[in-house]
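Structural features, examined
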Amino acid sequence: MTTIHGILERHARKYPVKEAWITPTARLSYPDMNRTVNQMARWLQNKGVSRYDRIAIQSNNNEHFFYAYFALMKLGAIPMPLNVKLTSNELIPLLNNTKASGVLFESAYKPVIDEVTAQNLIPYCFSIEDATKLARGFSTDNLELAISSKDIAEIMFTSGTTGVPKGVLFTHEQLTAVATAIAIEFNLSADDRSLTLMPLSHSAPLNDFFLAPFYCGASHVIGDYTPQAFLQAIHKEQTTTTFAAPIAYLLAAKHPHLQSYDLSSMRVFAYGGSPMPLASYQYVSQAFRNNNFYQVYGLTEAGPNGCLLRPEEHHTKPGSIGKTPVVNVEMKIVTESGIETTPGQYGEIILKGDSLMVGYDNNAQATLETIQDGWLYTGDIAYRDADGYIYIVDRKKDIIIPGGVNVYPREVENILTKHPGVEQVCVVGVADKEWGETVKAVVVPKEGAEPTQEALKEYVSEHLADYKQPRIYRFVKALPHNASGKLLKQKIKEM
């Protein structure tokens, strides 16, 4: 099996002319990218970077990210994409935990990297732009190093919504398995024009929705998300596939000049990371005049890989993550004793397949707890309906236990989002002296609406048992999300 950088080399031979990288500052062919990457790899090699070195990448979504990403792979070094929003105080423990040898950074992030290097002795810290210029005198030929598809190809970090993110190890073989699965499920080909605006430091944008079209030889429109940039890219470049968090689609759907953009080229609007309530899905699909929405389910630790809900299933099975896992994945829901559940019975989703992580970096205990007998325990509590469709009830760690009984926040959220005055809601558990925990709802009202605590209490009481009903309500203008669109529940608890 080939390596990820080997795919780039193959495409440089197969597609000598087509535009492969379209960014705000460049339009590059596959050969253009491969030549620059070869030069940069040789320059880094000359500076001392070698096989198995762990090198972080601090870059926005652009050609510089990929110069660094592929150059490191060609050396057998291990790229570790970083969230560009992290402060030096957040970066230092990540780099320490992974025993990083260096950082390749976009020049805009030099101030924060200088703060890191002032406290940590990291041998190799280079600006990507400077490295690219200084490498121009080096050979553009492929390096031809003997790197195996079973070697570690990258370290991705979990979203870190509740603590320090964990490093997740993937081989070239596992990344190729993810790419193959997504390519098959979405019928990708070299004719596709893939739009990537979600941060490449997160696994779904990079491993799923960049690597899959990359594997097929597609063209890539790369940039950083704003509603305007999203709509302009589709309209101007006639892109065909993309992935985004639900909130990104909602913001674009509310753009005041939406109707002036042509979105008809899009055959795949994929989303994940959090569910999209039926009302939001209907709003967005009507605004975009496009029904090609797919919900994807998977964990970073699985590639990410899992299952998907197809466009036609959004109306018949709203709220479900789908029924059938993707081509190279098995999926079960099991009880705590490991027995597969019956329809309607709650249990934990477990996954098995070709793209499961090697393990957590420098955390053998967490790896053993997460992967058991070849199955990845996701921490997602779910059930199947009579037709086999899977519905996630909540994260195991997010279950609220007031007075010893389980309350699943998502069940409460699903009721509250049906209220005509509620745009978005997050339900969390907060400490309570009497009950241990109590249920708190943080609500974003719809524009022009002013729902009251009393009105919502009365509404919820008609649909939920008393112990599930929120005792505390807070009304806010917006909920905090991380860069991948996931809600920051610890911050929400403090609101």
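Preceding this section is the structure that the text describes.
Here's what I pulled together on the structure shown here. Keep in mind the model is a prediction, meaning the values are calculated, not measured. (Residues numbered from 1 in each chain as written. Predicted model: local features only at pLDDT ≥ 70, side-chain atom pairs only at ≥ 80, totals over all residues. Heavy atoms only, no water.)

Before going further, it helps to spend a moment on the overall build of the protein. A count of helices and strands for the protein gives 17 helices and 23 strands. For the protein, whose C-alpha radius of gyration is 23 Å, the value lies close to the compact-globule estimate of 23 Å for 495 residues. Dimensions of the protein, computed from C-alpha atoms along their principal axes, come out at roughly 70 × 50 × 45 Å. The buried share of the protein, taken over its 495 residues, is 59%. For the protein, contacts bridging at least 24 residues in sequence account for 68% of all contacts bridging at least 6. Accessible surface, the protein as shown: approximately 20700 Å² in total, 50% of it carbon and sulfur. For the protein, the separation between the mean place of its 46 positive charges and that of its 52 negative charges on side chains is 3 Å. (Helix = DSSP H or I, 4+ residues; strand = E, 2+ residues; numbered from the N terminus. Rg over C-alpha atoms; globule rule 2.2 N^0.38 Å. Buried < 20%, exposed > 50% of the residue type's maximum accessible area, 1.4 Å probe, protein only. Contact = heavy atoms within 4.5 Å. Areas by Shrake-Rupley, 256 points an atom, 1.4 Å probe, with all protein chains shown as cover. Lys, Arg positive; Asp, Glu negative; His and termini not counted. Charge placed at Lys NZ, Arg CZ, Asp CG, Glu CD.)

One can describe the packing of helix α10 (residues 227–237) onto helix α11 (residues 246–253) by two numbers: an axis separation of 9 Å at closest approach and a directional angle of 80 degrees. One way to sum up the angle between α10 and α11 is to call them roughly perpendicular. Between α10 and α11, the contacting residues are P227, F230 and L231 on the first element and Y249, L251 and A252 on the second. Residues belonging to the contact of α10 with α11 are distributed by class as follows: six nonpolar, no polar and no charged. (Axes fitted to C-alpha atoms, helices over the stretch in contact; angles between N-to-C directions. Parallel < 35°, antiparallel > 145°, perpendicular 65-115°, else oblique. Nonpolar A, V, L, I, M, F, W, Y, C, P; charged D, E, K, R; others polar.)

Where helix α2 (residues 30–47) contacts helix α3 (residues 63–75), the axes come no closer than 8 Å and their chain directions differ by 60 degrees. With respect to α3, the element α2 is oriented oblique. As α2 runs across α3, the sense of the crossing is right-handed. From α2, M33, N34, T36, V37, N38, M40, A41, L44 and Q45 reach across to α3, where they touch E63, F66, Y67, A68, F70, A71, L72, K74 and L75. (Left-handed = near helix turned anticlockwise from the far one by under 90°.)

Taken together, the three strands give an open sheet; going across it, the order is β7-β8-β17, and neighbouring strands pair in antiparallel fashion. In this open sheet, the two strands that pair with only one neighbour each are β7 (152–157) and β17 (359–360). Relative to the sheet, helix α7 (residues 172–185) contacts β7 and β8 (167–171), its axis offset from that of β8 by approximately 85 degrees. (Pairing = 2+ DSSP bridges.)

This next bit is on helix α16 (residues 453–461). Of all the positions in α16, only L456, Y459 and V460 are classed as buried. Down the axis, α16 shows its buried residues gathered within 95 degrees of arc, on one side only. Exposed residues on α16 whose side chains face more than 90 degrees from its buried face are E454 and E458. In this fold, the buried residues of α16 make contact with α15 (409–416), β21 (422–432), β22 (436–445) and β23 (472–475). (Arc of directions from axis to C-beta.)

Turning to the packing of aromatic side chains, a few remarks are in order. Tallying each qualifying case throughout the model produces 33 aromatic pairs. Considering the side-chain rings of Y281 and F293, the 5.9 Å spacing of their centres and the 85 degrees angle between planes classify their relative orientation as edge-to-face. Of this pair, Y281 sits in helix α12 (residues 278–288) while F293 sits in strand β13 (residues 293–298); the two residues are 12 residues apart in sequence, bridging distant segments of the chain. Under the relative-accessibility criterion, Y281 is labelled buried at 1%. With a relative accessible area of 0%, F293 lands in the buried category. The interplanar angle of 15 degrees and the centroid separation of 5.4 Å between the aromatic rings of Y383 and Y391 together place this pair among those described as stacked. Residue Y391 is classed as buried on the basis of its relative accessible area of 13%. (Phe/Tyr/Trp six-rings, centres within 6.5 Å; stacked < 30°, edge-to-face > 60°.)

Hydrogen bonds along the backbone pair up the strands of a sheet, which may run parallel or antiparallel. Here we have four strands laid out as an open sheet, ordered β4-β3-β5-β6, and parallel in their pairing. Of all strands in the sheet, those with a lone pairing partner are β4 (78–81) and β6 (124–127), marking the two edges. In this sheet, neighbouring strand axes are inclined to one another by 20 degrees on average, regardless of whether the strands run parallel or antiparallel. The strands touched by helix α5 (residues 110–119) are β3 (54–58), β5 (102–105) and β6; relative to β5, the strand with the most contacts, the crossing angle is about 170 degrees.

The next point concerns the side chain of N207. The residue N207 is located in helix α8 (residues 203–208) in this model. Taking relative accessible area as the criterion, N207 reaches 0% and is therefore assigned buried. Side chain to side chain, N207 and E154 meet in a polar contact 2.8 Å long. (Polar contact = N/O pair within 3.5 Å; in protein donor to acceptor, adjacent residues only side chain to side chain.)

On to the pairing of strand β20 (residues 390–395), then. Both faces of the sheet carry side chains from a regular strand, because those side chains alternate between them. Judged by how many residues are buried, β20 sits mostly within the fold: five of six residues are covered. Taken together, the five bridges between strand β19 (residues 375–384) and β20 define a ladder with antiparallel strand orientation. Paired with I381 across the strands is D394, a residue of β20. Adjacent in sequence and paired antiparallel, β19 and β20 are bridged by five residues, among which G388 carries a positive phi angle near 95 degrees.

Buried within α15 are the following residues: P409, V412, E413, I415 and L416. All buried residues of α15 fall inside an arc of 160 degrees around its axis, so they share one side.

Turning our eyes to something else, we now look at unusual backbone geometry. With an omega dihedral of 5 degrees, the bond running from G303 to P304 counts as a cis peptide bond. Structurally, the position occupied by P304 is in the loop between β13 and β14 (306–309). At Y52, a residue that is not glycine, the phi angle is positive and equals roughly 75 degrees. For Y52, the position within the fold is in the loop between α2 and β3. Residue R289 is not a glycine yet carries a positive backbone phi of 55 degrees. With respect to the element layout, R289 can be found in the loop between α12 and β13.

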